[in-house]
Amino acid sequence: MDKPNIAEMIIQYEKDKDMTDTQFAFESHISVERVHNLKSGDYEPTAAEIKSILEYIKLHQ
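Throughout, residues of each chain are indexed from 1 in the direction in which the sequence is written. A pLDDT threshold of at least 70 governs which residues receive local features in this predicted model, and a stricter bar of 80 or more applies before side-chain atom pairs are shown or counted, although totals over entire chains, interfaces and linings include all residues. The basis for every side-chain value is the complete set of heavy atoms in the structure, and neither hydrogens nor water enter the calculation.

## Comments concerning the nonpolar core
At step 1: Ile10, Phe24 and Ile53 are the most contacted members of the largest nonpolar core, which totals 13 residues.
At step 2: Numbering goes from the N terminus for both helices and strands, where a helix is a DSSP run of H or I of at least four residues and a strand is a run of E of at least two. Counting residues per element, this core draws most heavily on helix 4 (residues 47-59), which supplies four residues.
At step 3: Not counting the four nearest positions on each side in its chain, Phe24 is found in contact with Ile10, Tyr13, Glu14, Met19, Val35, Ile53, Tyr56 and Ile57. The nonpolar core is taken to be a set of buried Ala, Val, Leu, Ile, Met, Phe, Trp, Tyr and Cys residues, with the residues joined through side-chain atoms within 4.5 Å. Three labels apply to residues, based on accessible area from a 1.4 Å probe with only protein chains included: buried if under 20% of the type maximum, exposed if over 50%, partly exposed otherwise in between. Any pair of residues with heavy atoms lying within 4.5 Å of one another is described as a contacting pair.

Okay, structure coming up:
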């Protein structure tokens, strides 16, 4: 199974919800710096971050 593209998921979620990186970071309990790095591709998410982000998006769709 392919790993989900977290950057694309975050970007699409923020677009759908008209949300900033800061809002997403605060609500998902991920630092805004990590959100920026994930979206830019400069940072490989940990398993815990992937789980946290996927759960957050699933709960708030």
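Read on, since the account is not over.
## Looking at the packing of aromatic side chains
At step 1: Stacked, tilted and edge-to-face pairs are distinguished by plane angle, under 30 degrees for stacked and over 60 for edge-to-face with tilted covering the rest, among Phe, Tyr and Trp rings (Trp via its six-membered ring) whose centres lie within 6.5 Å. All told, the structure shown has three aromatic pairs when counted by the stated rule.
At step 2: With centroids separated by 5.6 Å and ring planes inclined at 70°, the aromatic side chains of Tyr13 and Tyr56 adopt a geometry described as edge-to-face. With Tyr13 in helix 1 (residues 6-17) and Tyr56 in helix 4, this residue pair connects regions lying 43 residues apart in the sequence.
At step 3: Looking at Tyr13, the relative accessible area reads 4%, which means it is buried.
At step 4: Of the residues examined, Tyr56 reaches a relative accessible area of 5% and is grouped as buried.
At step 5: Ring plane angle 85° and centroid distance 5.4 Å describe the contact between Phe24 and Tyr56, whose orientation is recorded as edge-to-face. In this pair, Phe24 is assigned in helix 2 (residues 21-28) and Tyr56 in helix 4, connecting sequence segments 32 residues apart. Assigned by exposure class, Phe24 and Tyr56 land together as buried.

## Details of the side chain of Glu14
At step 1: Mapped onto the secondary structure, Glu14 falls in helix 1.
At step 2: On the accessibility criterion, Glu14 (6% relative accessible area) is buried.
At step 3: The residues contacting Glu14, other than those within four sequence positions of it, are Met19, Thr20, Asp21, Phe24, Val35 and Lys39.

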